[in-house]
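Breakdown of the fold
For reference, the chains in residue letters:
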Amino acid sequence: MSALGNGADRHRRPLVIGISGASGVVYGVRLLESLRELQIETHLVMTKAGEMTAAYEHPLPPRAIRALSSVHHPVSDIAAPIASGSFRTMGMIVAPCSMRTLAEIASGATSNLLTRAADVCLKERRRLVLLVRETPLHAGHLRAMLAVTEMGGIIVPPVPAFYAKPASLEEMVDYTVGRVLDLFELDTGQVQRWNGMRERQALGENGKESAPWT
Ligand SMILES: Cc1cc2nc3c(=O)[nH]c(=O)nc-3n(C[C@H](O)[C@H](O)[C@H](O)COP(=O)(O)O)c2cc1C
């Protein structure tokens, strides 16, 4: 089918994952693990600050995080395939996305492979999802998010959904990762989908035993 160039293979193309230096490296790691389970090829690029933050806040060393991807590209390698629109992908997720990386993507003045790959997604009208993480936000941050949204990107701050009643940090992260992959029509099976208040109440206290959430 792909030989026809009709986009029928769109949902099985590689997905680019960017990890920048904001807090929340665990989101990028869980994305890589989930995509591996879904047998989706991943191309990973981590900024220097992303590697520093990972070393500080995640139990896996950067080397082990890189090993979760199908292909890893150094952030300085602006000749990597993902720097060109002719290399076809499903799109890109930056998780977590720092305010510095957000600002570069919003301006189009890209200085490394991560932001160049994001810019490629925007110019090719492919899905670009940014898990921006900072708080509180000033007007410049908000303007940059608006600019990316106006260019077709999707801003997804990793804000927990308490109605999903997560029992652990892992469940909270997995819910967000599942909702992010929903945006690419990929189902991790880890999103308890809302079926309305009545069904939820019928389930009792923890709401996780039966059908409406599965
Ligand atoms: C432990 C740690 C946590 C950080 N958390 C954030 C954050 O949540 N959001 C953010 O925008 N920057 C955060 N920073 C600062 C960025 O790493 C810094 O601005 C860096 O220049 C971003 O570069 P990059 O966009 O190339 O990854 C953090 C830095 C460290 C060391």
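Heads up: the structure comes first, above all this text.
Owing to the predicted nature of the structure, the values given are computational and were not obtained by experimental measurement.

Looking now at unusual backbone geometry. Look at the link from A95 to P96: it is a cis peptide, with omega at 0°. Look at the link from T135 to P136: it is a cis peptide, with omega at -10°. Secondary-structure assignment places P136 in the loop between β5 (127-132) and α6 (139-150). Located in the positive-phi region is Q39, a residue other than glycine, with phi close to 60°. Of note, Q39 is situated in the loop between α1 (25-37) and β2 (42-46). The class of Q39 is exposed, set by 8 C-beta atoms lying within 10 Å.

Moving on to the nonpolar core. Residues I17, I93, A95, L102, A117 and L130 are the most contacted members of the largest nonpolar core, which totals 47 residues. Among the elements that make up this core, the one with the highest residue count is α1 (7 residues).

Around the ligand, a shell composed of 16 residues is seen, among which S20, G21, A22, T47 and A49 lie nearest. The set of elements that each furnish at least two residues to the shell around the ligand consists of α2 (48-57) and α4 (99-107). The leading source of residues in the shell around the ligand is α2, at 5 residues. Partitioned by chemical class, the residues of the shell around the ligand number 5 nonpolar, 8 polar and 3 charged.

This part takes up the sheet that holds strand β6 (residues 154-155). Strand order in the open sheet formed by 6 strands is β3-β2-β1-β4-β5-β6, with parallel pairing between adjacent strands. Two strands in the sheet have a free side with no partner beyond their single neighbour: β3 (71-73) and β6. Pairing between strand β4 (residues 91-97) and β5: 5 bridges, direction parallel. Looking at the pairing, C97 lines up with V132 of β5.

Calculation criteria
Residues numbered from 1 in each chain as written. Predicted model: local features only at pLDDT ≥ 70, side-chain atom pairs only at ≥ 80, totals over all residues. Helix = DSSP H or I, 4+ residues; strand = E, 2+ residues; numbered from the N terminus. Buried ≥ 20, exposed ≤ 12 C-beta atoms within 10 Å, placed from the backbone. Core = buried A, V, L, I, M, F, W, Y, C linked by C-beta atoms within 7 Å. Near = placed C-beta within 6 Å. Nonpolar A, V, L, I, M, F, W, Y, C, P; charged D, E, K, R; others polar. Pairing = 2+ DSSP bridges.

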